[in-house]
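Notes for the structure review
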Amino acid sequence: MGKKRVSSVIRPYLMILPAMIGIGVFVIYPIFYLAYLSLHKYNLMNPAKSKFIGLDNYADLFARDEFYKVLGNTALYTFATVLITLVLSVAIAVWVSKNTKFNQFIQAGIFTPHIVSIVSIALVWMWMMEPSLGFLNYILKSVGLPTSQWLQSSSTAMASIIFVSVWQGIGYYVLIIVAALQGVSPSIYEAASLDNASKWKIFYKITLPMISPQLFFILIIMTIGSFKVFDTVRMMTLGGPNNSTNTLVYYIYQNRTTNIGYASATGMVLMLVIGILTFVYFRMLANKVHYQ
Amino acid sequence: MKKLSLFIVLTLMISLLAACGGNNGKGNTTEPGSNANGGSSSNSGDKVTIDFWHSMGGSNGEAIAAMVKRFNDAHPNIEVVETFQGNYAETVTKLQQAAASNQAPEVAMIERGFVELFSDAEVLADLVPVLEEVGVTKDDFVQGLMGDTEHDGALISLPFNRSTPIMHVNKTILEELGMDIPTNWDELAEVAKAAVVKNGSETTRYGLTMPYDTWYPIAMIQQLGGTVFDESQTTTPFTTDGKGKQVFQYLKDLQAEGALFYPPAADSGSIVNSMFTEGKVAVLFQSTGTIGGLLKGVDFDYVTAYLPQNVQYSTPTGGGNIVMFDNAKNKEAGATFMQWLMTEAAGAQQFIIDTGYLPITHKMVESNEIKELWSKEPIRETAYKQLEYAVDTNKDLAWPSIQPEFFSAIEAIMYDNEDIDATLAKLQQSAERLLAE
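Sequence positions are assigned chain by chain, starting from 1 and proceeding in written order. Key to labels: chains lettered from A, ligands numbered from 1, both in the order written. Restriction of local features to residues with pLDDT of at least 70 applies here, the model being predicted, together with a cutoff of 80 or more for giving and counting side-chain atom pairs; totals for whole chains, interfaces and linings are based on all residues. The basis for every side-chain value is the complete set of non-hydrogen atoms in the structure, without hydrogens or water.

Naming follows an unreviewed UniProt entry, where chain B appears as ABC transporter substrate-binding protein of Paenibacillus montaniterrae. UniProt positions are given in the numbering used here, feature names are shortened, and annotations may be inferred rather than shown by experiment. Recorded in UniProt for chain B, the comment headed Subcellular location (unreviewed entry) runs: "Cell envelope". UniProt, in its Sequence similarities (unreviewed entry) section for chain B, records the words "Belongs to the bacterial solute-binding protein 1 family."

Going by an unreviewed UniProt entry, chain A carries the name ABC transporter permease and comes from Paenibacillus montaniterrae. Listed under Subcellular location (unreviewed entry) in UniProt, the entry text for chain A is "Cell membrane".

This is the structure:
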C-alpha cells in the first residue's frame, strides 16, 4: 500500500522529467542567470573581478535618456507594425478570401516575402531606399513627387523599417485570416442575408467576432515578436541615425561586449514588459474573444 | 505537499544540471580546433594543434590563410588552424565567451581599441619572454604602433595588421583644376569646393569624402592640437576647448556647399571606395589598408599624401594587434607561431606586402622586399612615413563604450543637422560618466 502511494506520487514527476530538464536548462536557468548578471558589474572573462552592485545597473538604466528613447522607439515600432499589419491583413484577407484562381495567385504573391530570408529582404530594400541612386526615389522623382531620405534621416528611418517589416510579415497573417474566414459557417451568412443585413453590419457583427480568436492570436504573437525586433535594425540601420531606430533588443546587443551586467538588466526589463503585455492582453481581451 | 515535492524535484534537477554544466566545462578543455581536425591531433603523436582567430575576410582573409599555410608547411609538428570569426567586434564577443569557458584560442587578433578590455581582465600572456627567446625586444617595433601593447609592465599584445587613415587623391582631377595636392585644411577646402561638378540639382562629382567612422574626426581634432581624453582620463577636452566644434563646423560647411559627401552609416567604406575609383570624388580620407584594393580599381593618376595639417600633422592608428591567451592549452606552440610571425620574411612581413598594412618592425622596414615594394608603388610608403605623426589620444578602458556615443554625435551633426555645441555637450556628459566607472 505504502509502496503504491510512493510510486503514484513519484510517477507523474518522472513522466514530466524529460520535458522539465529541457525547460530547466533552456528557460529557468538562463532567467536566473540573467537576473544574477544584472545585479553585478560582471567581468565575463575573469569572474574574480566581478562586483556585486545590487540594483545599480537598474538605477543607471532608468537614469539614462537613451533608454527611454529606445523604449519609445520599440513601443512605436510595435504599435505601428501591429496596427498596420492587422488592418491591412484583414482587408486583404476579406478581399482574397473567395477561393478563385486569381485570388490564389494574389495570396501566393503576398506570401512570398515571408519565405525569403529577412537578410536578403533588408539588403534589397536598402538598395531601393538609397537616397541618390535608389529605385524608390527614382520612381518618386519621375512622377514629380518629393524624394525621401529613407534610412538616412532620423525622421524617416523608423517609418522605413516599419514599412519593410509590414511588407515582409503581412502574407503570413493574411493566410491565417483567410483560413479563419473560410472556416466561418456559411449558414450564418445566409441567415444574415435573409435578414437583409448590410455588408458592413455583416462584417463587424459576424465576420470579426467569428475570426476574433485568430485575430487575438495574431495580436499577441505580433506584439511579442515586434517588441523583440532585431534583424531589420541590425541589417538596415545599426540603430541609427542618431539612435532613431535603436530598439530594446538591439540596445542589449550593443552593450553586451562592454557591459554585460547593464545589458542583462535591460534584458530583465524587456522580459518584464513582455510579461505585462501578455498578461494584460489575456485579461482584457480574453472575454471579448468569441470561441465557438 | 505536492508543491513542496515539485519544488524539491526542481531544485534537485537544477543543481544536477549545474553540476553537469561544470563537468562539461572541464571535460571540454581540449582545444576547439581538434573538432575541425576530426580529433586526429591527439593520436598523431607529436603534432600539436593551435587555434588562431582573426577578423580578416575577403582578400585579406586569403592572405591570412596563405600565411598560415606557409607556417604549417615549415613546421611539421605544429598545425595552426585559422578561423575567421567575423568583424572586430564579433571576434571580441567570441573571445570573451571562449575565455570565460577556458576555451580561448592560443593566438588571436584583437582590434587595438579592445585590447585593454582583455588586459584588464588579466587573460593575456606576457610576450616579453616569448620575444626574448628569439632576441627581439619591444624596441625592435615601430614606435607609433606600440600604443596598446603594455599593461602593468607586461607586453600583452603586438601590432599586426595596423593601419592609419591617409589622404587618397585623384591627381587627374587636380591637374584638370590646375591645383596642387592640399597640405592643410584651407587648401583642402579650396580643392574640395573647386572639384564639385553639378548636373542641374544633382551633384555628379564631389570634392571630399570619408567613411562613417570616428577615426577621421579624431584625426582632425588632433591636427588642431586637441585630444580625445585628457591626461587623467576623466573628460573629453575637445568638447569644451572648441576644437571639436571647429572640426564639425569645417565638415558641415563643406557639406552645406555640396563639396563634402558624407556617406550613410551602413556599408560606408565600400560606398566611398567605389565613388573614388569611379572618379566621382577628388579626395578621399580612408585607411591605408585599402591601398591595394584601390590600386586595382583606378584608371587615373592615383596618389596618397599625409592627412592635411592644421596647426600640426597628426593621425590616429587602427587595425588589429595579436595576443596570446594565458590559459590556452598549447602556449609553447603558440609562442613558436608568434616568433615566426614577427621574425621570418614569410610571416607577417609577407602578409603586409600582400595586403597593404603597415610594416611593424624596423627589420621589415629595412628588408629588401618592402624596399622593393615601395620603390615600385611609392604611395604605400607615404603611410609609413606618416607614422611619425601617429598618436592615439583615445586610449582608455572605457573607449569601446564611449565610441557608440561618439557615433551618435556624428550622426546627430552630419545627418540630422543638430546643433554642434549641444551635441558635443551631450557627448561629454556620457563620456565623463563612462570614464568615471
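More follows now that the structure is in view.
The next point concerns the overall build of chain A. Scanning chain A from terminus to terminus reveals 13 helices and 2 strands. Restricting the calculation to C-alpha atoms gives the radius of gyration, and the globule rule supplies 2.2 Å times the number of residues raised to the power 0.38. What you see for chain A is a C-alpha radius of gyration of 24 Å, clearly larger than the 19 Å of a compact globule of 292 residues, by over 25%. When the backbone C-alpha atoms are referred to their principal axes, chain A occupies close to 75 × 70 × 30 Å. Burial classes: relative accessible area under 20% of the type maximum marks a residue as buried, over 50% as exposed, and values in between as partly exposed (1.4 Å probe, protein chains only). By the burial criterion, 45% of the 292 residues in chain A qualify as buried. If you take every contact in chain A between residues at least 6 apart in sequence, the share linking residues at least 24 apart comes to 65%. Accessible surface area values rest on a Shrake-Rupley calculation with a 1.4 Å probe, where residue burial reflects the displayed protein chains alone. When the accessible surface of chain A is split by element, carbon and sulfur atoms take 71% of a total near 16,200 Å². Helical segments are the DSSP runs of H or I of at least four residues, strand segments are the runs of E of at least two, and each set is numbered from the N terminus. In this description, contact between two residues means that some pair of their heavy atoms is separated by no more than 4.5 Å.

Residue and element names in this part refer to chain A. On the surface, I23, F26, V27, I31 and M271 cluster together to form a nonpolar patch covering roughly 450 Å² of accessible area. In terms of residue count, the dominant contributor to the nonpolar patch is helix 1 (residues 2–38) (4 residues). Checked against the element boundaries, M271 lands in helix 13 (residues 260–285). Judged by relative accessible area, which is 35%, M271 ranks as partly exposed. What goes into a patch is any residue over 30% in relative accessible area without a salt bridge, connected to like charges within 9 Å or, for nonpolar side chains (Val, Leu, Ile, Met, Phe, Trp, Tyr), within 5 Å. Any carboxyl oxygen of Asp or Glu within 4 Å of a side-chain nitrogen of Lys or Arg constitutes a salt bridge here.

A few words now on the packing of aromatic side chains. Each aromatic pair joins two rings of Phe, Tyr and Trp (for Trp, the six-membered one) with centres within 6.5 Å, and gets the label stacked for planes under 30 degrees apart, edge-to-face for over 60, and tilted for any other angle. What the rule picks out here adds up to 36 aromatic pairs over all chains. Seen in terms of ring centroids, F230 of chain A and Y253 of chain A are 5.0 Å apart; in terms of plane orientation they differ by 70°. Their pairing is edge-to-face. One end of the pair, F230 of chain A, is in the loop between helix 10 (212–227) and helix 11 (231–236); the other, Y253 of chain A, is in helix 12 (residues 248–255), with 23 residues separating them in the sequence. The class for Y253 of chain A is partly exposed, based on a relative accessible area of 23%. Between the aromatic rings of W374 of chain B and Y384 of chain B, the centroid separation amounts to 5.2 Å while the plane-to-plane angle is 35°, which identifies the pairing as tilted. Here W374 of chain B is found in helix 16 (residues 368–376), whereas its partner Y384 of chain B is found in helix 17 (residues 379–386), with 10 residues between them in sequence. By relative accessible area, W374 of chain B is classed as buried at 10%. By way of ring pairs, the aromatic residues Y29, Y33, Y36 and Y42 of chain A are connected into one cluster. Above the face of the Y262 of chain A ring, R64 of chain A is positioned so that its terminal group lies 4.2 Å from the ring centre. Against the face of Y253 of chain A rests R256 of chain A, its NZ or CZ located 4.1 Å from the ring centre. For a Lys NZ or an Arg CZ to count as sitting over a ring, it must be within 6 Å of the ring centre and within 35 degrees of the ring normal.

Residues and elements named next belong to chain B. Note that domain bounds follow an automatic or database assignment of domains. On domain assignment, one finds that chain B holds domain 1 (48–162 + 318–366) and domain 2 (165–316 + 390–436). Relative to domain 2, the C-alpha centre of domain 1 lies at a distance of 30 Å. Taken together, the contact between domain 1 and domain 2 spans 15 residues of the former and 13 residues of the latter. Taken together, both faces of the contact between domain 1 and domain 2 bury some 1,100 Å²; the carbon and sulfur share is 52%. Accessible-area loss on putting two parts together, using a 1.4 Å probe and summing over both, is the definition of buried area adopted here. It is R112, E116 and G318 in domain 1 that bury the most area against domain 2; as a group they hold 34% of the surface buried on that side. Across the contact surface, domain 1 and domain 2 share 1 salt bridge. A salt bridge links D392 to R112, with the shortest nitrogen-to-oxygen separation between them at 3.7 Å. Throughout this description, a polar contact denotes any pair of N or O atoms lying within 3.5 Å of each other; where both atoms belong to protein, one of them has to be capable of donating a hydrogen while the other can accept it, and for residues adjacent in sequence the pair is counted only when both atoms sit in side chains. Run the count over domain 1 and domain 2 and you get 1 residue pair in polar contact (both at pLDDT 80 or more).

What follows deals with the sheet that holds strand 13 (residues 318–324) of chain B. Residue and element names in this part refer to chain B. A pair of strands is treated as paired once DSSP finds two or more bridges between them. Pairing is mixed in the open sheet, where 5 strands are placed in the order 2-1-3-13-6. For this open sheet the edge positions go to strand 2 (78–84) and strand 6 (158–163), each flanked by a neighbour on one side alone. Each neighbouring strand pair of the sheet contributes to a mean axis angle of 20°, computed without reference to strand direction. For strand 6 and strand 13, the ladder comprises 5 bridges, and the chain directions are antiparallel. Of the residues in strand 13, the one forming a bridge with P159 is N321. Each axis is a line fitted through C-alpha atoms, and for a helix only the stretch in contact is used; angles between axes span 0 to 180 degrees, taken between their N-to-C directions. Here helix 4 (residues 88–100) sits on the sheet and contacts strand 1 (48–54), strand 3 (107–111), strand 6 and strand 13; the angle it forms with strand 3, its principal contact strand, is near 135°.

Listed as interface residues are 35 residues of chain B and, on the opposing side, 31 residues of chain A. Buried surface at the junction of chain B and chain A, both sides included, amounts to about 3,000 Å², of which 57% is carbon and sulfur. Across the chain B-chain A interface, the total number found is 3 salt bridges. Ionic pairing is found between R234 of chain A and E90 of chain B, a salt bridge with its closest N-O pair at 3.5 Å. Our count for the chain B to chain A interface comes out at 8 residue pairs in polar contact (both at pLDDT 80 or more). For the side of chain B that touches chain A, the secondary structure elements donating two or more residues are helix 1 (2–27), helix 4, helix 5 (115–120), helix 18 (399–414) and helix 19 (420–436) of chain B. At 8 residues, helix 4 of chain B tops the list of elements feeding residues into the side of chain B that touches chain A.

A few words now on the UniProt feature "transmembrane region" (unreviewed entry) in chain A. All names here are of chain A. If you check UniProt for "transmembrane region" (unreviewed entry), the listed places come out as residues 12–36, 75–96, 108–128, 157–181, 202–227 and 260–282 in our numbering. Along residues 12–36 one finds 100% helix and 0% strand; the C-alpha atoms at either end are 31 Å apart. A distance of 35 Å separates the end C-alpha atoms of residues 157–181, which is 100% helix and 0% strand.

What follows deals with helix 18 of chain B. Expected span of a helix: the number of residues minus one, times 1.5 Å. Here helix 18 of chain B contains 16 residues, and its C-alpha end-to-end distance of 21 Å stays within 8% of the 22 Å for a straight helix at 1.5 Å per residue. The buried fraction of helix 18 of chain B amounts to 14 of the 16 residues, a majority that puts the element mostly inside the structure.

Turning our attention to a negative patch on the surface. His is not counted here, nor are the chain ends, while Lys and Arg score as positive and Asp and Glu score as negative. For this purpose, a charge sits on NZ of Lys, CZ of Arg, CG of Asp or CD of Glu. There is a patch of like negative charges on the surface, built from D180, D186, E187 and E190 of chain B. Counting through the fold element by element, E190 of chain B comes out in helix 8 (residues 185–194).

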